[in-house]
Structure formats: C-alpha cells, structure tokens
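Here are the chains, one letter per residue:
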Amino acid sequence: MEKKIVDILKQNHQEQLLEFLPILTPEEEEKLEQQIEKINFEQLQQLYESTKQKPQIEEKKIEPIKYVDKYKLDQAKKEELENIGRKIISSGQYAVITMAGGQGTRLGHKGPKGTYALETVNGKKYLFEIIVDTLKKAQKEYGVTIPWYIMTSKENHAQTVKFLEEKQFFSYDSQKVKFFVQGELPLIDTNGKVILDQNKTIKEAADGNGGIYEAIAQSEVLSDMKQKNTQWIFVSNVDNVLSNFVDPLLLGLTVKQNQKIGAKSVVKTNPKEKVGVFCKMNGKPKIIEYIDLPEEMAEERDEDGELFYGEVNIGNYLFHRSVLENLADVKLPYHAAFKKSGFLKPNGEFVEPNEPNVYKFEAFIFDSFVRYDDITILRGKREEEFAPVKNKEGNDSPETATKLYNRQQ
Ligand code: UTP
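Residues numbered from 1 in each chain as written. Predicted model: local features only at pLDDT ≥ 70, side-chain atom pairs only at ≥ 80, totals over all residues. Heavy atoms only, no water.

Caption draft 1: Spotlight on the overall build of the protein chain. Looking only at helices and strands, the protein chain has 13 helices and 20 strands in total. The C-alpha atoms of the protein chain give a radius of gyration of 23 Å, which matches the 22 Å a tight globule of 409 residues would have. For the protein chain, the C-alpha atoms occupy an extent of roughly 75 × 50 × 40 Å along the three principal directions. Here the protein chain holds 409 residues, and 50% of them are scored as buried. Looking at the protein chain alone, contacts between residues at least 24 apart form 77% of all its contacts between residues at least 6 apart. Of the accessible surface of the protein chain, which amounts to about 20300 Å², a share of 46% is contributed by carbon and sulfur atoms. Side chains of the protein chain carry 58 positive and 65 negative charges; the gap between the two charge centres is 3 Å. (Helix = DSSP H or I, 4+ residues; strand = E, 2+ residues; numbered from the N terminus. Rg over C-alpha atoms; globule rule 2.2 N^0.38 Å. Buried < 20%, exposed > 50% of the residue type's maximum accessible area, 1.4 Å probe, protein only. Contact = heavy atoms within 4.5 Å. Areas by Shrake-Rupley, 256 points an atom, 1.4 Å probe, with all protein chains shown as cover. Lys, Arg positive; Asp, Glu negative; His and termini not counted. Charge placed at Lys NZ, Arg CZ, Asp CG, Glu CD.)

Caption draft 2: Region of interest: the packing of helix H1 (residues 3-11) against helix H2 (residues 26-38). Packing of H1 against H2 leaves a shortest axis separation of 10 Å and a crossing angle of 50°. In terms of orientation, H1 lies oblique with respect to H2. For the element pair H1 and H2, the recorded crossing hand is left-handed. Listed contacts from H2 to Lys4, Ile5, Ile8 and Leu9 of H1 are Glu33, Ile36 and Glu37. (Axes fitted to C-alpha atoms, helices over the stretch in contact; angles between N-to-C directions. Parallel < 35°, antiparallel > 145°, perpendicular 65-115°, else oblique. Left-handed = near helix turned anticlockwise from the far one by under 90°.)

Caption draft 3: Just the site of the ligand, in detail. In the vicinity of the ligand there are 19 residues, among which Met99, Thr105, Arg106, Gln182 and Lys390 approach most closely. Gly104 places a polar main-chain atom, nitrogen or oxygen, 2.8 Å from an oxygen atom of the ligand. In this structure, Lys390 approaches the ligand through a side-chain N or O atom, which is 2.5 Å from an oxygen atom. Considering only residue class, the shell around the ligand consists of five nonpolar, nine polar and five charged. (Near = heavy atom within 4 Å. Polar contact = N/O pair within 3.5 Å; in protein donor to acceptor, adjacent residues only side chain to side chain. Nonpolar A, V, L, I, M, F, W, Y, C, P; charged D, E, K, R; others polar.)

Caption draft 4: Just the packing of aromatic side chains, in detail. Throughout the structure, instances matching the rule amount to 12 aromatic pairs. Ring geometry for Phe169 versus Phe179: centroids 6.4 Å apart, planes at 50°, classification tilted. Of this pair, Phe169 sits in the loop between helix H6 (157-166) and strand S7 (177-181) while Phe179 is found in strand S7, placing the two residues 10 residues apart along the sequence. Geometrically, the ring pair formed by Tyr317 and Phe319 is tilted, given 6.4 Å between the ring centres and 50° between the ring planes. In textbook terms, an aromatic cluster arises when at least three aromatic residues are bridged by ring pairs, as seen for Tyr126, Phe128, Trp148, Phe163 and Phe170. (Phe/Tyr/Trp six-rings, centres within 6.5 Å; stacked < 30°, edge-to-face > 60°.)

Caption draft 5: The nonpolar core, seen in detail. Tyr94, Phe128, Leu135, Ile146, Trp148 and Val246 are the most contacted members of the largest nonpolar core, which totals 36 residues. Setting aside residues up to four positions removed in sequence, Tyr94 forms contacts with Ile88, Ile89, Ile146, Pro147, Thr230, Trp232, Phe234, Phe245, Val246, Asp247, Leu251 and Leu318. Of all hydrophobic cores here, the second largest spans 34 residues; its members include Met99, Val221, Leu327 and Tyr372. (Core = buried A, V, L, I, M, F, W, Y, C linked by side-chain atoms within 4.5 Å.)

Okay, here's the thing in structure tokens:
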C-alpha cells in the first residue's frame, strides 16, 4: 500500500484496514486505495463523536403550523386553485422526482424497492410501474409528457436502470426519464472504524433522502430543468402506491399562498401514532418526530377538536426550482441509526451479526425546510394519498398497501 494511503489511515485511526493487506489482490488493493482517498475521514470522525454525545437541549418553541384541508375548501375556491395548477402543468413547467435511493431494509426485497411487485386488482404491478401509471394518466389529462427524474444510490443504480430499460419504461417516453445518483457515507462500528464488505471495499451506504439536494446539484438535473423551463418539481417516495404526485390543487395553493415549498399531509389517527408531524419550531417549518413531541402537546386539540399537531408528513413535497438551486450546497444534519451489517474479518471470513453493530448516517430531505419562513400544507385523506410499502408484514406492508391501492381503482 502506498505510503500516503497508510498515512491517511494512521492519521484517522483506521489502521485496522492494514490487517487485510495479506488477503487483497493487487487490483483489490488499488481499488481500496482509491476509495480511501475519496473518503472524508474528518467528517466521519465528527459523525462518530456525535453518536457519543447526548442530544443537546436547545431552546425550542414549538407551535402548530397552518394547513388547508382539501375537503373543507368550497368548490369555487378549489376550482380556482386547481386551474392555477392545471395551467402550469399543461404548459410543461412541472416535473416529478422519485426518491429511490433507499435500501429498503425493512421490506427485505432483493433489489431496488421500485422493482418489488404487488398483486393488485390490475394484475401484477411493480412499484415503478404504479408511478408510471400516474404519469401516463397525467399525460392524457394535460397533454404533456412530464419529465421524470429518478434518484438512485450507488448501490442500486445499475439494477434500477437495467430494470426500467428491460421493462421499456412501462411504455413511458424514455427521453423524458433521467437518473441521478445520490452520495454515500461509510458505515462505522462502535469504535468509529470503517468496515469491509464481502468484495473487500469499505462498506458505504446512501446518505439519506436529504442527499437529494447535493445529488441534484452535482448532476445534470438542474440544467436540464432550466432548459425545459421547469418551474415546479414534485418530490416523492418510491414506495407510496397512492402518491398523487401530479396534483394541481397543491400546486395552485402553493402559488396562491406565495410559497416556494408545498407539502401534503394526512391526519394523525390518534395522539400516540408513531409518525412525524408538521409544526413550527422557533418560527420555522419543521417536521417533529413523535419521540420529540412532548406528550401533552401531542394530545392538545383546537376548538374544532382537531389535534394541534396532527398533520402527518407523508413524504410528498413540492418545490419551486429556485429552492433546489438555493439548497445546492446546503449542509443538513446527519441522523445516526444503529443497524446490523455484515463485515469481513482479516482472515477473509464474512460475518453476519445478530445484533446491530454499525452506525449509518442519514440526512432528511425535510431538514432543509427551516431555511424558509413558511411552507404550504395541504391536508388530504389518508385512504386517497398514503399507502406505503415499508415492512415485510403488518403495518405499511405489501398487504396493507395492496388493499388501499385496490380500493382506489
Ligand atoms: P425510508 O427512509 O423509508 O427508507 O425511505 P427505505 O430505503 O425505503 O427503507 P428502510 O428504512 O431501509 O427499510 C423513504 C424514501 O426515501 C428514499 C427511499 O427510496 C424512499 O423512497 N431514500 C431513502 C433515498 O432515496 N435515499 C436514501 O438514502 C434513503
């Protein structure tokens, strides 16, 4: 191994990698060296330190956030707003991003989550196909082919592209589909050490859906949008089979309220539901996780009996293009998750642990909202907007999502 690489490892307390040298071929060694040169070990050290610190108690002023209930709008107002949105969509200024860079660990499907199929009343439907169905429906309705950008990760990019090519993009115009790849961060063990994967490279994982801003900035996406005169971009998850991501109402409402970010919500079923909800924190829009919302606040209701903190985040966001431009170099906080991950031992043995053994660091897309004074929130109905495929069984599983999907057909 080159001296400068050994020095990097020593300076950053990662000498354990040198123990693997006897089992590496010259090609593997070279690959590892290249990877080491690219890793920001200083940042990794800071992230490791952050796992040992207790969360800081900052002065937090939590308040409810304003929202509009789709079903409380009168017909004339609804039409007015929808017309604003429709005009923008049919003039070709609207695009869609699907975030598909996640690992889908809870579902446990081999391959990218979008390649998972549900058995529905419309036959076998891949998650990507369900998205294309919505795009095709919009094509008929608005007479335009909406550009579709798909965020992948290094881990699943090749498989995602291959799958969609093989399926011929489910007959969507492939010229309108573009992929971009998000960044990665190494996993570290409880001593802050990086680990090796079966293929003898340092094990890295996608840096969370908050990696979207940097990934967009480093790709051709922004210039492509500019060239197409895209003004508004809807961003949603690959796994919500009811995502209504071509929504003139949210668009019209966001424009009318003069905001640059819009989001959809559904009502929290009960104060104890384990979901993140929209609020204002220190005057800025924020999503607060159930764990961080004090119990008495979670129970508080307004004079109509609605929970003050009852707007559940369903991962459906609308951005003006300027937001994506402004956030190109945003630094979001990373959240550490303690997970199970297989690792290589210096003797070449690959170990699959039974207990969590590594930290994975993820940024969240909505952590950027605090940079804005306000956002538009449109409350819809859960059964019309939200049916995620997260777990293998039970809640938010293929079974529950299929039922909800079937009901909407
Ligand atoms: P989740 O956080 O639910 O993760 O992602 P996941 O990968 O689907 O599932 P688990 O947690 O590993 O079981 C919400 C959305 O954000 C995307 C996912 O693809 C999904 O559409 N995502 C997540 C990314 O695009 N990149 C990431 O790094 C993480």
